[in-house]
Amino acid sequence: MMLKKETCRSRFILAASLVSGLFLTFFSVQVVAFEDDEGCLICHKYPMMARVTDEGVLRSYYVMPHVFERTVHRNVPCRDCHSYIKELPHKPVTQGVTCNKECHSIKNPATGKQFSHKMIYDAYIESTHGRKKIADGLDADKPYCINCHTNPLYNPGEGKPPKHIVDRCVVCHEKREFVERWYNHTSRRIREVKRSSKEIFELCSSCHENKEMLDRHVRQAQEEGRELGRKFPIAAKSYKESFHGKLTRLGFSKTASCLDCHARQKDYFKSVHEIRPSRDPESPTHESNKVETCQRCHTYADENYVALDPHPSSKQEDNVFKYYAEMIYNIVGVVVIAMLIGMSLVETIGRRRDGVSWRLFQGSSWRRKSPRGRDRLK
Amino acid sequence: MKLSEHARNVVETCMKHNKVSDSEREEIEQVIANMPEDRVFLQKNVVSDPLGDLPRYSIHIRVQHLLTFSTFLTLAFTGLPIHFIEAIWAEPFNAVLGGVEVTRIIHRTLAVIMISSMVYHLLTITIKPLWEIRHRRFDIRRTIIPLPKDIRDFREDMLYHANKREQRPEMDKYMYKQKIHYFAAGFGNMVMVISGSSFLFPEFWASVLPVEMVSNFQELMRLSHPHEALLALLVIAFWHWYNVHLAPGRFPMQWTFLTGKITREHQIEEHFLEYLRNLVEIPEERQHLQDVLDSRGLSGDDRFDIEVAQPEGAI
């Protein structure tokens, strides 16, 4: 009997394995590793490739080929960015990857020069967010390229271009794979690839809502006697309180997010990299530029309109008027309701004393015997 | 009944406005004289139709009330899920309506209807008094405009309910409660319209206000819109519905908002001065009252003089 049970279980496991195997064979995603001509994957393909830093942080050096294959940098050989690697096995890395390097393997098809992010990097480094890759002190709090640019994956849903387009392109461009990738690259840019207002706010909030980080900067600025934006400590929190913030939370995409005001709309994609404090005359939020900035959405905005506070706060130290207005509203609300309930109770007692009661069908003329003694004549 | 000085003045003014003949005046005076001194006793002995006996609201006022309360409630039920979007109950509310985008459109459409109703009301309450002034029939005591007497009425009424007075005060067509309510609602509506318009047309409000006020005004409006809405909803729920639905004797509801009529006993109880005007203006009411007094043996009856009816322990 026992043997029979064991046999049944083995058969079941075998059948399940077969079905699973077949399922995986037919339906699993085909893994295509990127070209690893430099042999980096010899070591970096191992998931356990990691170390614990002196600070006790686990740093993983594992590269997932099937994931990297789907990223926007899949055609860039490792050493185009990790240019300090000169030999294998390489020495301990002391400097990180910077994004202003020229890619030796990729040429800009428009200019024929080596491809580089240098232009945008130079704009970024001049901005209020600019910092070196290896930074310390307050600069270390600032975002580097990879804080915002996460080397995003291509969406598998947009992976396959229409066959009739590929068929046409391969007549000259020969390689079907090249055409598909090129199609992905361009079609993604033709579509709207900007982050939504909600995503932009979440991204900016990751630093601008970090209380410890903000306190650090405020304290340091005070010590140095350096000027900081009046709204700097409450930028993210107050945006949430604002009308724009509320609409963003509701999911409306046509609402001003951080970048709609703090970046110039002309040359937007470059401008988001060169955000400046509002005291900088080049900033769209500088006094002299506010009307133009607001007019992007609010066509009839004028000098008065820009007096509206896009970062309102109810805190006493930020806005005394709003703080007391809210307090008065709350007190008035409670007092009014309490008084009305009190009046209703007094009236109920008085009317009951008059002999008036609640009856569903006799209407308002029904009366019971009154404690006051003046009853309806029979 | 011997009328108070104020009530006498009301009757005389009404008779003057209606240009009553001498015979009518005699008839009116006779009915008034036949009424028992104790108004509580009078109100308890008249015959009333729960649907209403005497005219109170014109068809215009009833339509305005209908438009206002239906839009007010639907505005509240579409506005609150927008304001409290993150509350657990807001999502199904918005989902039922087709999402918050649809809720916003419905909310704004209803606001336009409510504003139209307000304009209609303003026209009504302007045109009629103008006509009355032109024909020398205007009596401010018969309007909703607050007067010093209302403060005295409020005090006396509270004392009556506290069993410290024998009679409720002689109140006019609109008593203190209705005046408070009317102006609270009027003020609330204005706040809602102005604050709502400041969300829709911020550029307009910024351009008409002094620059120093612009930001605080906008923030105040953002505070006011939900606060006023909640307050109005609570006032309606706790007070208005109490007065017209839940108060003893008013339950399950007064039909006035539909029929435009008020019951006779209610008119005597809370709007005695208006009842006196009814006696002047409606001959049938005089006849009816006289018949009631005769049939119940109350004509000229002084058995129920208020001093006789004083309950034990009353001050």
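From a predicted model like this one, the values you see are computed outputs, not experimental measurements.

What follows is about the overall build of chain B. The helix and strand tally for chain B stands at 14 helices and 2 strands. Along the three orthogonal principal directions, the C-alpha set of chain B runs to about 70 × 45 × 35 Å. By residue count, 32% of the 315 residues in chain B fall in the buried class.

Of regular secondary structure, chain A possesses 16 helices and 4 strands. Across the 378 residues that make up chain A, the buried fraction comes to 16%. Nonlocal contacts in chain A, meaning residues at least 24 apart in sequence, comprise 45% of its contacts between residues at least 6 apart.

In terms of domains, chain A is made up of domain 1 (195-313) and domain 2 (320-365). Just the C-alpha atoms count here: the centres of domain 1 of chain A and domain 2 of chain A sit 45 Å apart.

Okay, the interface of chain B and chain A next. At the interface, 48 residues of chain B touch 46 residues of chain A. Every element with two or more residues in the side of chain B that touches chain A is listed here: α3 (39-45), α7 (148-161), α9 (202-208), α10 (211-246) and α12 (264-270) of chain B.

Turning our eyes to something else, we now look at the packing of helix α8 (residues 176-200) of chain B against α10 of chain B. All names here are of chain B. Orientation of α8 relative to α10, taken along the N-to-C sense of each, is 150°, at an axis distance of 9 Å. It follows that α8 is roughly antiparallel to α10 by the angle criterion. Between α8 and α10 lies a crossing whose hand is left-handed. Residue-level inspection shows K177, H181, A184, G188, V191, M192, I194, S195, G196 and S198 of α8 in contact with α10, the latter providing Q218, M221, S224, H225, E228, A229, A232, V235, H240 and N243. Classifying every residue of the contact of α8 with α10 gives 8 nonpolar, 10 polar and 2 charged.

In low-pLDDT segments, the atomic positions of the prediction should not be examined closely. Averaged over all residues, the pLDDT of chain A is 84; the fraction at 70 or higher stands at 87%. Across residues 21-33 of chain A, confidence stays below pLDDT 50; counting only partners more than four residues off in sequence or on other chains, it has 5 contacts.

All names here are of chain A. At a minimum axis separation of 9 Å, helix α7 (residues 163-173) and helix α8 (residues 176-190) run at an interaxial angle of 120°. Of the possible angle classes, the one that applies to α7 and α8 is oblique. Between α7 and α8 lies a crossing whose hand is right-handed. Residue-level inspection shows I165, V166, C169, V170 and H173 of α7 in contact with α8, the latter providing R176, F178, V179, E180 and Y183. Of the residues in the contact of α7 with α8, the class split is 7 nonpolar, 1 polar and 2 charged.

All names here are of chain A. Pairing analysis gives 2 bridges linking strand β3 (residues 102-107) to strand β4 (residues 114-116), with the strands arranged antiparallel. Within β4, the residue paired with K107 across the bridge is Q114. Between β3 and β4, which pair antiparallel in sequence order, lie 6 residues; one of them, G112, sits at a positive phi of approximately 80°.

What follows is about the nonpolar core. Looking at soluble globular proteins, one finds that nonpolar side chains tend to be buried together. If you look at the biggest cluster of nonpolar residues, it comprises 24 residues, and the most contacted ones within it are F272, L276, L279 and V280 of chain B. Of all the secondary structure elements, the ones that give two or more residues to this core are α1 (5-17), α2 (22-34), α3, α13 (272-281) and α14 (283-295) of chain B. When residues of this core are assigned to their parent elements, the largest contribution, 6 residues, is made by α13 of chain B. Each residue touching V280 of chain B, except ones within four places of it in the same chain, is listed here: V11, C14, M15, N18, V20 and I28 of chain B. Of all hydrophobic cores here, the second largest spans 11 residues; its members include C204, I234, Y239 and I275 of chain A.

Okay, the domain arrangement of chain B next. Residue and element names in this part refer to chain B. Split by domain assignment, chain B resolves into domain 1 (1-55 + 139-174 + 262-315), domain 2 (57-135) and domain 3 (184-259). The gap between the C-alpha centroids of domain 2 and domain 3 is 10 Å. When residues of the side of domain 2 that touches domain 3 are traced back to their parent elements, those giving at least two are α4 (59-83) and α6 (100-134). A total of 5 residues in the side of domain 2 that touches domain 3 trace back to one element, the largest contributor, which is α4. Considered class by class, the residues forming the side of domain 2 that touches domain 3 number 5 nonpolar, 3 polar and 1 charged.

For α10 of chain B, with 36 residues, the first-to-last C-alpha span of 48 Å sits near the 52 Å given by 1.5 Å per residue. By the largest-angle criterion, I236 of chain B marks the main kink of α10 of chain B, which is about 35°.

Another point: unusual backbone geometry. Of note, the bond from L88 of chain A into P89 of chain A is cis; its omega dihedral lies within 30 degrees of zero at -10°. With respect to the helices and strands, the residue P89 of chain A is situated in the loop between α4 (78-81) and β3. Across the junction of F251 of chain B and P252 of chain B, the peptide omega takes the value 0°, indicating a cis bond. For P252 of chain B, the position within the fold is in the loop between α10 and α11 (256-259). Here E174 of chain A, not a glycine, exhibits a phi torsion of approximately 60°, which is positive. Tracing the backbone shows E174 of chain A in the loop between α7 and α8. Here K19 of chain B, not a glycine, exhibits a phi torsion of approximately 50°, which is positive. One can find K19 of chain B in the loop between α1 and α2.

Time to look at the environment of V46 of chain B. All names here are of chain B. Within the secondary structure, V46 is located in the loop between α3 and β1 (54-55). A count of 22 C-beta atoms within 10 Å places V46 in the buried class. Not counting residues up to four positions away in its chain, the partners in contact with V46 are R264, E265, I268 and V292.

Analysis parameters
- Residues numbered from 1 in each chain as written.
- Chains lettered and ligands numbered in written order.
- Predicted model: local features only at pLDDT ≥ 70, side-chain atom pairs only at ≥ 80, totals over all residues.
- Helix = DSSP H or I, 4+ residues; strand = E, 2+ residues; numbered from the N terminus.
- Buried ≥ 20, exposed ≤ 12 C-beta atoms within 10 Å, placed from the backbone.
- Contact = placed C-beta atoms within 7 Å.
- Domains from an automatic or database assignment.
- Axes fitted to C-alpha atoms, helices over the stretch in contact; angles between N-to-C directions.
- Parallel < 35°, antiparallel > 145°, perpendicular 65-115°, else oblique.
- Left-handed = near helix turned anticlockwise from the far one by under 90°.
- Nonpolar A, V, L, I, M, F, W, Y, C, P; charged D, E, K, R; others polar.
- pLDDT = per-residue confidence, 0-100.
- Pairing = 2+ DSSP bridges.
- Core = buried A, V, L, I, M, F, W, Y, C linked by C-beta atoms within 7 Å.
- Expected span 1.5 Å × (residues − 1).
- Bend = angle between axes of the 7 residues up to and from the residue.

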